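Chains, contacts and geometry: an overview
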Amino acid sequence: MSYHIQDVLKSVRDTAPESRTTTDDIIAQAGRIRTRRTAATVLGGAAVFAALAVTAVTTLNAPGTGGGQVAAQPLPQASSAAFPEPQKFALPVRKVDFTTKLAGYRTGAYRVGPVSRITEGYAVLPVYQDNTDQDGIRDGEITVYNKGVYDPATFAGTLGDTTLVIGDQYSTKVKGRPALGQDWTFKSPVQADKQWLRAALAWQYADNSWATFLPNYGKKDITRADVVKVAAALTTAAERELKVPYTLSYVPEGWQTVAVDQVSATSSTIVSQVWLHHGPVQDSATRIDEVLPDSLKIMVMKGDPKDSDIVGKDGVHCYPELPSCTIIDGDYTIDVGGWNNSLSVDEVRKVAEGIKPLDYADQSTWVPANK
């Protein structure tokens, strides 16, 4: 279960989609979305998605830089009247380094990593508790920010509702360095007597370099002591680059890759996500997610698309009234969606038609996003 841009775009077209979720799915998803929105306040408005960003400073991230093609089917005539053509002027395009030295690790009942996302300003490590990570649901995320990117004064979330209460900020230490914490209490929306306290933390892991741990909705406590232990165990290993399971033969003028997700199929059905942006992201602390303005998201997942009309129909399927396309390729689905009217329907279709898949299941065949 994942909240993504196609959900927003296709809601315009499908006002009553078929439900495929259980009550627990709905609760968990709502908790994750709510946590992300809460993180927007916690991170001073720069964040939209609750996560923990991984720093690319020299102590952690070193600097750096097929398969069969999907057979396209005839597409409906696309109209771009509702989505104006993007402005045609030169934009600075700088390649983001999608490599990291941050390593996955275990501490106590927690499994952390490997890095699942890298942007110009941070990297993300998922955090799971033992016996609670079914279906790739994360208990939280560590975000390690690049040196000088994160301002700890912005760690002051006050947003809450009937199912989430955020406590007062307190000071603590991680390996002798300054840290700030908060208690997030998640309350069951269906059982009034059920609640779980899950601590949030921001800590200085190196000079002028900060990381955060923000919890997602879950049915196990995450104590202050647990979070400090997880933070203190942050470690490095051999350099690794996040890659993608396809090549692109068309990218709109002035657009560039600004974020890459790569996740093992054992952790999630969504194995790859990439965000293209109209020029570089101006603030490297900005959270990159489904509502990043002027963005195009490409998501690869194992499983059927949400549009039941195209299940089992290999090829490219686009929607004439939306900047959104879906590629069906055997057991895998690729969603390509624009946001904020940044690209016309025609431009998004050209991106989708130019995707040349590799071997989705064999991540050793994947290629750099900037290739």
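Note that the structure is predicted; figures quoted are calculated from it, not measured.

The rules behind each value
Residues numbered from 1 in each chain as written. Predicted model: local features only at pLDDT ≥ 70, side-chain atom pairs only at ≥ 80, totals over all residues. Heavy atoms only, no water. pLDDT = per-residue confidence, 0-100. Helix = DSSP H or I, 4+ residues; strand = E, 2+ residues; numbered from the N terminus. Contact = heavy atoms within 4.5 Å. Salt bridge = Lys/Arg side-chain N within 4 Å of Asp/Glu carboxyl O. Buried < 20%, exposed > 50% of the residue type's maximum accessible area, 1.4 Å probe, protein only. Pairing = 2+ DSSP bridges.

Some words on the confidence of the model for the protein
For the protein, per-residue confidence averages 78 on the pLDDT scale, and residues scoring 70 or more make up 72% of the total. For the protein, strand β1 (residues 52-53) is the element with the lowest average pLDDT, namely 32, and strand β14 (residues 243-244) is the one with the highest, namely 98. This model gives residues 1-6 a pLDDT under 50, and the stretch forms 32 contacts once residues within four places in sequence are excluded. Below pLDDT 50 for its whole length, residues 8-90 participates in 241 contacts with residues either more than four positions away or in separate chains.

A word on the pattern of salt bridges
In the structure shown here, the tally under the stated rule is 9 salt bridges. For Asp346, the salt bridge goes to Arg349, with nearest N and O atoms at 2.9 Å. Here the residue Asp346 and the residue Arg349 both occupy positions in helix α4 (residues 345-353), the gap between them amounting to 3 residues, near one helical turn. For Asp346, a relative accessible area of 24% translates into the label partly exposed.

A look at the pairing of strand β19 (residues 315-318)
In this sheet, strand β20 (residues 324-329) lies alongside β19 in antiparallel orientation, the contact comprising 4 bridges. Bridge pairing in β20 links His317 to Thr326. Taken together, β19 and the strand that follows it, β20, pair antiparallel across an intervening segment of 5 residues.

What about unusual backbone geometry?
Cis geometry marks the peptide bond from Gly113 to Pro114, where omega comes out at 0°. Of note, Pro114 is situated in the loop between β4 (110-112) and β5 (117-119). Located in the positive-phi region is Asn208, a residue other than glycine, with phi close to 55°. Tracing the backbone through its elements, the reader meets Asn208 in the loop between β11 (195-206) and β12 (209-215). Positive phi, close to 55°, is recorded for Asp294, a residue that is not glycine. Relative to the elements of secondary structure, Asp294 occurs in the loop between β17 (270-278) and β18 (295-302). Taking relative accessible area as the criterion, Asp294 reaches 30% and is therefore assigned partly exposed.

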